[in-house]
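A look at the structure
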Amino acid sequence: MSLQPIPQRLSALRAQIDEELRACGRAPGTVRILGVSKKQPAFAIAEAAAAGLDAIGENYVQEAASKFADPELAGLHLQKHYIGHVQTNKAKAIVELFDVVQSVDRADAAHALGAAAARAGRVLPVLLQLNVSPAERFGCPPGDAPALAERIAAEPALRLDGVMAIGPLGAGPNEIARAFELAAKTFALLGGSTLSIGMSGDWREAVRAGSTMVRIGTALFGERR
Ligand SMILES: *Cc1c(COP(=O)(O)O)cnc(C)c1O
């Protein structure tokens, strides 16, 4: 793991992503970086935000609640994405804390978030989390994605804006590419603006498959505490 400061890592990552985009015939600047800040301190987020990071992702509701209240983050313009497992009893807290939920993987999660967002008087943008890897515990099976998308569309306070998937961890490049191509196919079918695929170890394969958002934790912030 590189010991470069966060701003340098962010600009190096941007440059590498743009290089990969050009190499596969896509326009530079068309992939957004989501900084995954779970198990990272608020000051690290503030440092990344000062360097231009405009969106962060968190996996745990409790951790996010205390971190977002940290004075280090006051006044920063950061879009907050929930990328952890949606427990229905946490739907209200998730809606209060986050701008976007990337991890809607089943009907009861959609319904709980839809009800909480309606009660809060807002429309919540969500992504459908697709399971493209047998080792992954969560995510909607690809064959069930159209039905889940309909359930999401039936919630007036939710707006389906694309697909999120976690690549097969520790797999070879061909298996990763196949998984991401499946995610891209489902994204093309369901529509929306965001295909959230690619993490620190597999963002190149994700960019080649059409990612519009990579979720980067350790390659940006370093090892988690
Ligand atoms: C932790 C996490 C990431 C970031 O992982 P890194 O390998 O540290 O980049 C991205 N997406 C999800 C859903 C995560 O849980």
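Above: the structure in question.
Here we summarise the structure given alongside this text.

Conventions we followed
Residues numbered from 1 in each chain as written. Predicted model: local features only at pLDDT ≥ 70, side-chain atom pairs only at ≥ 80, totals over all residues. Heavy atoms only, no water. Helix = DSSP H or I, 4+ residues; strand = E, 2+ residues; numbered from the N terminus. Rg over C-alpha atoms; globule rule 2.2 N^0.38 Å. Buried < 20%, exposed > 50% of the residue type's maximum accessible area, 1.4 Å probe, protein only. Areas by Shrake-Rupley, 256 points an atom, 1.4 Å probe, with all protein chains shown as cover. Lys, Arg positive; Asp, Glu negative; His and termini not counted. Charge placed at Lys NZ, Arg CZ, Asp CG, Glu CD. Near = heavy atom within 4 Å. Polar contact = N/O pair within 3.5 Å; in protein donor to acceptor, adjacent residues only side chain to side chain. 1 Å grid on protein atoms, 1.4 Å probe; cavity = no way out; pocket = protein on both sides within 12 Å on 5 of 7 lines; lining within 4 Å. Sits in = over half its atoms within 2 Å of the grid points. Points joined across faces, edges and corners; volume = space filled by probe spheres on them. Nonpolar A, V, L, I, M, F, W, Y, C, P; charged D, E, K, R; others polar. Phe/Tyr/Trp six-rings, centres within 6.5 Å; stacked < 30°, edge-to-face > 60°. Lys NZ or Arg CZ within 6 Å of the ring centre and 35° of its normal. Contact = heavy atoms within 4.5 Å. Axes fitted to C-alpha atoms, helices over the stretch in contact; angles between N-to-C directions. Parallel < 35°, antiparallel > 145°, perpendicular 65-115°, else oblique. Left-handed = near helix turned anticlockwise from the far one by under 90°. Salt bridge = Lys/Arg side-chain N within 4 Å of Asp/Glu carboxyl O.

Turning to the overall build of the protein chain, a few remarks are in order. Looking only at helices and strands, one finds 9 helices and 8 strands in the protein chain. A compact globule built from 225 residues should have a C-alpha radius of gyration of about 17 Å, and the protein chain, at 17 Å, falls within 12% of that. Projected onto its principal axes, the C-alpha positions of the protein chain cover 45 × 45 × 30 Å. Expressed as a percentage of the 225 residues in the protein chain, the buried residues total 51%. For the protein chain, the exposed area adds up to about 10200 Å²; of that, 53% sits on carbon and sulfur atoms. Counting 24 positive and 23 negative side-chain charges, the protein chain places the averaged centre of each group 1 Å from the other.

Near the ligand the following residues occur: Val36, Lys38, Asn59, Ile83, Ile166, Met199, Ser200, Arg215, Ile216, Gly217, Thr218 and Arg224. Within the side chain of Lys38, an N or O atom sits 2.7 Å from an oxygen atom of the ligand. Between the ligand and the protein, one listed contact pairs a nitrogen atom with a side-chain N or O atom of Arg215 at 2.8 Å. Placement of the ligand is best described as lying within the largest pocket.

This part takes up the layout of surface pockets. As a volume, the largest pocket reaches approximately 560 Å³. Classifying every residue of the lining of the largest pocket gives 12 nonpolar, 9 polar and 5 charged.

Unusually for a residue other than glycine, Lys39 sits at a positive phi of about 60 degrees. Examined against the element boundaries, Lys39 turns out to sit in the loop between β1 (32-36) and α2 (42-50).

The next thing to look at is the packing of aromatic side chains. Here the distance between the centres and the angle between the planes together describe a pair of aromatic rings. The tally for this structure, following the rule as stated, stands at 2 aromatic pairs. The side chain of Lys80 reaches across the aromatic face of Phe68, ending 5.0 Å from its centre.

With respect to the element layout, Ser133 can be found in the loop between β5 (124-130) and α6 (145-153). Among the residues examined, Ser133 registers a relative accessible area of 4% and is labelled buried. Residues in contact with Ser133, not counting those within four places in the same chain, are Ile166, Gly167 and Pro168.

With that settled, the discussion passes to the packing of α6 against helix α7 (residues 173-190). Interhelical geometry of α6 versus α7 gives an angle of 45 degrees and a closest axis separation of 11 Å. Here α6 is positioned oblique relative to α7, judged by the angle of their axes. Judged by the twist between their axes, the crossing of α6 over α7 is right-handed. Of the residues in α7, those in contact with Ala145, Pro146 and Ala149 of α6 are Thr186, Leu189 and Leu190. Of the residues that constitute the contact of α6 with α7, the class distribution is 5 nonpolar, 1 polar and no charged.

The subject of this paragraph is the pattern of salt bridges. Applying the stated criterion across every chain, the model contains 9 salt bridges. Of the charged contacts, one joins Arg208 and Glu20 as a salt bridge, the two residues approaching to 2.8 Å between their closest N and O atoms. You can see Arg208 sitting in helix α8 (residues 203-209) and its partner Glu20 sitting in helix α1 (residues 6-23), a full 188 residues away along the chain. By relative accessible area, which is 8% here, Glu20 ends up buried. Asp54 is the salt-bridge partner of Arg32, the closest N and O atoms lying 3.4 Å from each other. Highlighted residues: Arg32 in strand β1 and Asp54 in the loop between α2 and β2 (55-58), separated in sequence by 22 residues. Its relative accessible area of 36% is what places Asp54 among the partly exposed residues.

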